[in-house]
Amino acid sequence: MVGNVWQWIQDKYQTSYANTPTDGSASEGAGEGRVVRGGSYRSLNTDSVRADIRDLDNPADQDDNTGFRLVRVSR
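Residues numbered from 1 in each chain as written. Predicted model: local features only at pLDDT ≥ 70, side-chain atom pairs only at ≥ 80, totals over all residues. Heavy atoms only, no water.

A short note on the overall build of the protein chain
Part 1 of the reasoning: Each helix and strand counted, the protein chain has zero helices and four strands in total.
Part 2 of the reasoning: Secondary structure elements in the protein chain, listed N-terminal to C-terminal, are β-β-β-β.
Part 3 of the reasoning: Along the three orthogonal principal directions, the C-alpha set of the protein chain runs to about 30 × 30 × 25 Å.
Part 4 of the reasoning: A buried classification covers 23% of the 75 residues belonging to the protein chain.
Part 5 of the reasoning: Roughly 5,800 Å² of accessible area belongs to the protein chain as shown, and the carbon and sulfur atoms make up 48% of that amount.
Part 6 of the reasoning: Taken as two groups, the 9 positive and 11 negative side-chain charges of the protein chain have centres that lie 7 Å from each other. (Helix = DSSP H or I, 4+ residues; strand = E, 2+ residues; numbered from the N terminus. Buried < 20%, exposed > 50% of the residue type's maximum accessible area, 1.4 Å probe, protein only. Areas by Shrake-Rupley, 256 points an atom, 1.4 Å probe, with all protein chains shown as cover. Lys, Arg positive; Asp, Glu negative; His and termini not counted. Charge placed at Lys NZ, Arg CZ, Asp CG, Glu CD.)

Put into structure tokens, the structure is as follows:
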């Protein structure tokens, strides 16, 4: 899960979890900043290569150390 590439998350980036959904749904809204998680093979700080680490990125920016994971939800 970690150390390969930062993963895009659907949530809009906020500095805290105040006023975010408590039901597990995404925190969406206007703005360019989105959450990325997990760190990358290019991370210089080993503390950033953890599943619980989150950072801010702009989806319009492209690089080779940010990607996404496809998930199928079974119901």
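Overview of the pattern of salt bridges
Part 1 of the reasoning: What the rule picks out here adds up to two salt bridges.
Part 2 of the reasoning: Arg-42 is paired through a salt bridge with Asp-64; the nearest N and O atoms lie 2.9 Å apart. Of the two residues, Arg-42 sits in the loop between strand E2 (34-37) and strand E3 (54-57) while Asp-64 sits in the loop between E3 and strand E4 (66-67), which places them 22 residues apart along the sequence.
Part 3 of the reasoning: Exposure remark for Arg-42: the relative accessible area of 47% places this residue in the partly exposed category. (Salt bridge = Lys/Arg side-chain N within 4 Å of Asp/Glu carboxyl O.)

Regarding the side chain of Ser-27
Part 1 of the reasoning: Within the secondary structure, Ser-27 sits in the loop between strand E1 (6-12) and E2.
Part 2 of the reasoning: A relative accessible area of 11% places Ser-27 in the buried class.
Part 3 of the reasoning: Polar side-chain contacts of Ser-27 include one of 2.6 Å to the side chain of Gln-14.
Part 4 of the reasoning: Those residues in contact with Ser-27 that lie beyond four places of it in its chain are Gln-10, Asp-11, Lys-12, Gln-14, Thr-20, Pro-21 and Arg-34. (Polar contact = N/O pair within 3.5 Å; in protein donor to acceptor, adjacent residues only side chain to side chain. Contact = heavy atoms within 4.5 Å.)

Describing the sheet that holds E1
Part 1 of the reasoning: As summarised here, the arrangement of the four strands in space is E3-E2-E1-E4, forming an open sheet in which the pairing is mixed. For this open sheet the edge positions go to E3 and E4, each flanked by a neighbour on one side alone.
Part 2 of the reasoning: Relative to E4, E1 runs parallel, the two being bridged by two bridges. Residue pairing across strands places Trp-6 opposite Thr-66, the latter belonging to E4. (Pairing = 2+ DSSP bridges.)

What about the environment of Arg-72?
Part 1 of the reasoning: Here Arg-72 is to be found in the segment after E4.
Part 2 of the reasoning: Note: C-alpha distance between Arg-72 and Gln-7 (65 residues apart in sequence) is 16 Å.

So far we have only geometry, and geometry alone does not tell us how the molecule works.
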